[in-house]
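# Summary of the model geometry
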Amino acid sequence: MNVARIIDLTLPIYHGAPTMPLDPKCAVIVHHTIDSMKYNITQLIISTHQGTHLDAPYHFFDDGVTVDKLDLHKCVGNAHVLHLTHVKPGYALKPEDLEPFESRISRDSRILVRTNWWRRFPKKEYFFDGPMISPELARWLAKRRIAMLGLETPGVHPIEWERVHKILLGAEIVIVEGLAYLNRI
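Note that the structure is a prediction, hence the values are computed from the model and not measured.

## Topic: the packing of helix α3 (residues 135-143) against helix α4 (residues 161-170)
Here α3 crosses α4 at 5°, and the two axes come no closer than 9 Å. Taken together, α3 and α4 sit at an angle that is classed as roughly parallel. On α4, the residues that touch Pro 135, Ala 138, Arg 139, Leu 141 and Ala 142 of α3 are Arg 163, Val 164, Ile 167 and Leu 168. Split into classes, the residues belonging to the contact of α3 with α4 amount to seven nonpolar, no polar and two charged.

## Re the pattern of salt bridges
Tallied over the entire structure, the rule returns six salt bridges. Of the charged contacts in the structure, one is a salt bridge between Arg 120 and Glu 125, with a shortest N-O distance of 2.9 Å. Residue classification places Glu 125 among the partly exposed positions, given a relative accessible area of 32%. Note that Arg 163 and Glu 160 form a salt bridge whose closest N and O atoms lie 3.5 Å from each other. Taking the relative accessible area as the measure of exposure, Glu 160 reaches 27% and is therefore partly exposed.

## Considering the pairing of strand β8 (residues 148-151)
A two-sided burial pattern is seen for β8, the buried positions comprising Met 148 and Gly 150 on one face and Leu 149 and Leu 151 on the other. With four bridges joining them, strand β6 (residues 110-114) and β8 adopt parallel strand pairing. Residue pairing across strands places Arg 110 opposite Met 148, the latter belonging to β8. As defined by bridge partners, β8 adjoins strand β9 (residues 174-177) across three bridges and the pair is classed as parallel. Each bridged residue has a counterpart across the sheet, and for Met 148 the counterpart in β9 is Val 174. For the crossover from β8 across α4 to β9, the handedness is right-handed.

## Regarding the side chain of Asp 97
The topology assignment puts Asp 97 in helix α2 (residues 95-98). The buried charged residue Asp 97 lacks any salt bridge partner; its closest oppositely charged side chain belongs to Lys 94, at an N-O distance of 5.3 Å. Only 2.8 Å separates the side chain of Asp 97 from the backbone nitrogen of Lys 94, close enough to count as a polar contact.

So, how was this worked out
- Think of each chain on its own: its residues are numbered from 1, step by step along the sequence as written.
- Totals for whole chains, interfaces and linings use every residue, but because this is a predicted model, local features are given only for residues with pLDDT of at least 70 and side-chain atom pairs only at 80 or more, for both listing and counting.
- Side-chain numbers come from the whole structure's heavy atoms, not from hydrogens or water.
- Think of each axis as a best-fit line through the C-alpha atoms, taken over the contacting stretch in the case of a helix, with angles from 0 to 180 degrees between the N-to-C directions.
- Strands are runs of DSSP state E lasting at least 2 residues, helices are runs of H or I lasting at least 4, and numbering of each runs from the N terminus.
- Roughly parallel here means an angle under 35 degrees, roughly antiparallel means over 145, roughly perpendicular means 65 to 115, and every remaining angle is called oblique.
- Here, two residues are considered to be in contact whenever any of their heavy atoms come within 4.5 Å of each other.
- Under the convention adopted here, Pro, Cys and the residues Ala, Val, Leu, Ile, Met, Phe, Trp and Tyr are nonpolar, Asp, Glu, Lys and Arg are charged, and Gly plus all remaining residues are polar.
- The salt bridge criterion pairs a side-chain nitrogen of Lys or Arg with a carboxyl oxygen of Asp or Glu, the two atoms within 4 Å.
- We call a residue buried when its accessible area falls under 20% of the maximum for its residue type, exposed when it is over 50%, and partly exposed in between, using a 1.4 Å probe and counting protein chains only.
- When DSSP finds two or more bridges between two strands, those strands count as paired.
- For the handedness criterion, the strands are oriented away from the viewer, and a crossover whose path from the first strand over the helix to the second runs clockwise is classed as right-handed.
- In summary, the charge assignment counts Lys and Arg as positive and Asp and Glu as negative, without counting His or the chain termini.
- Distance and chemistry together define a polar contact, namely a pair of N or O atoms within 3.5 Å, with one atom able to donate a hydrogen and the other to accept it when in protein, and with adjacent residues in sequence counting only for side-chain atoms on both sides.

Put into C-alpha cells, the structure is as follows:
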C-alpha cells in the first residue's frame, strides 16, 4: 500500500522576513499574551507576494480569476519535478532546456522546476540573480497548456516579469513562486 507523504515546500514566514524590495515588509507582531488577555494572539502584516505564494490571473489582469476562484485541480495532484540544478545564476531558461522533459510537459500537467535556488534565501542575491523563465519558454509552456508552473525563485524574471507573467497567466497557468525543499521530493 502506498502511503502519501506530505512535504512542506514553503519558505519560512517570520518578523522581518525579506521580500522583494518594493513589496510590503513582513511583520509578525504580538498583539495579546496570556498575561494581557488570557490568550495569545498575533497580528500578521504580509504581502500576497511574501515567501512561497501563487499568482492567479488577477495578479496581471483586472478581469482575471482571483486566488479564491482558482480551479484547485491546477494546484493539487501529481507533479513532475524537472531537475535543472546545473543552471547558473541569472540564466534565462529556454524551450531547449526543457526539451529533455518534453514527455512530462503536456496539457494540465503540474511542473516544478528544481534549481536549488531556494538555498540562497534569505540572502539578497535570492531576489535578483536567480534562474528565470524567458518569454520564449513562457510561450512554449503556454502552447502546451500546462496547469501549473512552480519555481524556486521569488519571481519569473527580474526584467521581463510583466511579459512573462502575462504570457503564463493569460494561458491560465497558475504560477507558484518561492518554492523550497524540492530536493525532498
